[in-house]
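# Notes for the structure review
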Amino acid sequence: MRGYAAVLVLIAHSVDLASMHGERFFMNQWLHLENFGAIGVDLFFVISGFVMANSVANRNGPRASQNFLVMRWLRIAPPYIIISFILIAITIAQRASINPISIANLFLFIPWFDTSTFTMPPLDVGWTLSFEFTFYLLVALMVLLRLGDKIEWLSLGIVALVGLGFVLPDDIFLLQWVTNPIFLEFALGIGAYSLWKRRALATARVGWLALGLSGGLVLIVQAVMGFGDVSEVANIVDGTLSLQRVFWWGVPGAAIFIAVIAFERASTGIAARIGGRIGDASYSIYLVHVLALMVYSSAVTHMPFGLPPTVVFVGAIAVGICAGMFYFRFVENPLRLRMETTATIMFRMNSMGNQPQ
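Structure report, in brief.

Calculation notes
Sequence positions are assigned chain by chain, starting from 1 and proceeding in written order. Local features in this predicted model are restricted to residues whose pLDDT is 70 or higher, and side-chain atom pairs enter the listing and the counts only when it is 80 or higher, whereas totals over whole chains, interfaces and linings include all residues. Remark: hydrogens and water are excluded; side-chain values derive from all non-hydrogen atoms of the structure. Strands here mean DSSP runs of E at least two residues long; helices mean DSSP runs of H or I at least four residues long; both are numbered from the N terminus. For every residue, the accessible area obtained with a 1.4 Å probe (protein chains only) is divided by the maximum for its type, and the residue is called buried under 20%, exposed over 50%, and partly exposed between those limits. We call two residues in contact whenever any of their non-hydrogen atoms come within 4.5 Å of each other. Methods summary: accessible areas were calculated by the Shrake-Rupley approach with a probe of 1.4 Å, and residue burial reflects only the protein chains presented. Residues scored as charged are limited to Lys and Arg (positive) and Asp and Glu (negative), so that His and the chain ends carry no count. Charge positions come from single atoms, namely NZ of Lys, CZ of Arg, CG of Asp or CD of Glu. In the cavity and pocket records, a cavity denotes points on a 1 Å grid over the protein atoms alone where a 1.4 Å probe fits but cannot get out, a pocket denotes an open set with protein on both sides within 12 Å along at least 5 of 7 lines, and lining residues are residues with an atom within 4 Å of a point. Grid points are joined across faces, edges and corners, and a volume is the space filled by probe spheres set on the points. Under this grouping Gly is polar, as are all residues other than the nonpolar Ala, Val, Leu, Ile, Met, Phe, Trp, Tyr, Cys and Pro and the charged Asp, Glu, Lys and Arg. To qualify as a nonpolar core, a set must consist of buried Ala, Val, Leu, Ile, Met, Phe, Trp, Tyr and Cys residues joined through side-chain atoms within 4.5 Å. Here is the rule: rings of Phe, Tyr and Trp (six-membered ring for Trp) pair when centre to centre is within 6.5 Å. Planes less than 30 degrees apart are stacked, more than 60 are edge-to-face, and the remainder are tilted. Only when the NZ of Lys or the CZ of Arg is both within 6 Å of the ring centre and within 35 degrees of the ring normal is a charge said to sit over the ring. Any residue with relative accessible area above 30% and no salt bridge may belong to a patch, with like charges joined within 9 Å and the nonpolar Val, Leu, Ile, Met, Phe, Trp and Tyr side chains within 5 Å. Should a side-chain nitrogen of Lys or Arg be within 4 Å of a carboxyl oxygen of Asp or Glu, the pair is scored as a salt bridge.

Our focus in this paragraph is the overall build of the protein chain. Secondary structure assignment for the protein chain yields 15 helices and 0 strands. Judged by the C-alpha coordinates and their principal axes, the protein chain covers about 75 × 55 × 45 Å. Relative to its full complement of 357 residues, the protein chain shows a buried share of 47%. Intrachain contacts of the protein chain at a sequence separation of at least 6 include 77% that bridge at least 24 residues. Carbon and sulfur atoms make up 67% of the accessible area of the protein chain, which amounts to about 17,800 Å² in all. One way to put it: in the protein chain the 21 positive side-chain charges average out to a point 17 Å from where the 19 negative ones average out.

In structure tokens form, the structure reads like this:
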């Protein structure tokens, strides 16, 4: 599911790129598919809610909370920072200015210094990681309070936070941020985890299949009829259309995800195998495809002959996936293994040092 979510985001940006190289690109003529792939972000949020709930199910206490945050930072920050610094170097080479708050949001994830609106990090897709890490803080708080085995309560807490957002003053951006309705998508993922943990998905699979098909039908209708401006990042980071996006994209995405989990043991076909391979590299694809498409677009622009927009589109998808898998193989995965191994050793040494003599 992560693999296909990453490819959906790649498709959204590939449509934009193809449209730059041909006004009569078929995906813009027949259906409302421009930016529709952005639903991959919503799938990521739902999946993250499920995975984080599962990962802290038996963790409790201050040390477990601290270790969780450290491991999460090590998992997402280093490969993200590397790509961001490449883009920063390109920006400096082009003699463009860089907002210091943008750099702060790169390292801190949470927009502590923003006062009225979110300042996009150097790698613009990083806005989703800021929401991710805010969610990680909420999960860590549950572990700190020794509620890791009652993580379902966090979904209720998120609902309460979103509700507060409608009555709290809107002149403090950090309050707007932590009460953004987009966090409900993480709560949907926690709900899916609760169903899975209680083995509710192992029975009545026809019903879960119907749920997933219903979610797919809702998305097909949107592809035909349109979905307004819920795909626009600005409308999500300020919360303007976040609730609509949860209903239009988050809920159908969660329905599809639940159906996939219900039939997980039956997922042995080629689609599952391909998705698994791409899924391993999904984070790298998500990070590196922006840079890869910049290089690809420049190459297409400087070709002595023009390429049809459909060819540009297919090539963009291939370039994004290949670049992401290369980055995963030679950067993300080796870096993650080394840093997580070092962190685990340090955690064990710290635990041994705090044992009574």
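Of the pockets and cavities examined, the second largest pocket occupies roughly 490 Å³. Every residue lining the second largest pocket is counted, 24 residues in all, and those nearest its centre are Arg2, Phe44, Arg72, Arg75 and Tyr283. In terms of residue count, the dominant contributor to the lining of the second largest pocket is helix 3 (residues 39–55) (7 residues). In the lining of the second largest pocket, the residues fall into 12 nonpolar, 5 polar and 7 charged.

Glancing now at the nonpolar core. Phe135, Leu154 and Ile158 are the most contacted members of the largest nonpolar core, which has 89 residues in total. With 11 residues, helix 6 (residues 127–144) is the largest single contributor of residues to this core. Excluding residues that lie within four positions of it along the chain, Leu154 makes contacts with Phe135, Leu138, Val139, Met142 and Ile190. Counting residues in hydrophobic clusters, the runner-up holds 9 residues, among them Phe36, Leu219, Val230 and Trp249.

Another point: the packing of aromatic side chains. Under the counting rule described, the total for this entry stands at 23 aromatic pairs. With a centroid separation of 3.9 Å and 10° between ring planes, the pair formed by Phe131 and Trp177 is classed as stacked. One end of the pair, Phe131, is in helix 6; the other, Trp177, is in helix 8 (residues 173–178), with 46 residues separating them in the sequence. For the pair shown, Phe131 and Trp177 are each scored as buried. Positioned above the aromatic ring of Phe330 is the side chain of Arg329, whose terminal nitrogen or guanidinium carbon lies 5.0 Å from the ring centre.

Moving on, we come to a nonpolar patch on the surface. Residues Leu31, Leu217, Ile220, Val221, Val224 and Met225 make up a contiguous nonpolar surface patch of about 580 Å² in total accessible area. The topology assignment puts Met225 in helix 10 (residues 205–225).

Right, let's talk about unusual backbone geometry for a bit. Comment: phi is negative for the bulk of residues other than glycine, and the bulk of peptide bonds are trans. One non-glycine residue, Arg95, lies in positive phi territory at about 60°. Checked against the element boundaries, Arg95 lands in the loop between helix 4 (62–93) and helix 5 (100–108). Positive phi, close to 65°, is recorded for Phe109, a residue that is not glycine. By secondary structure assignment, the location of Phe109 is in the loop between helix 5 and helix 6.

A word on the pattern of salt bridges. If you walk through the whole model with that rule in mind, you get 5 salt bridges. Note that Glu152 and Arg198 form a salt bridge whose closest N and O atoms lie 3.0 Å from each other. In this pair, Glu152 is assigned in helix 7 (residues 152–165) and Arg198 in the loop between helix 9 (184–197) and helix 10, connecting sequence segments 46 residues apart. On the basis of relative accessible area, Arg198 is assigned to the exposed category, the value being 54%. Look at the salt bridges and you will find they share partners, linking Glu152, Lys197 and Arg198 into a network.

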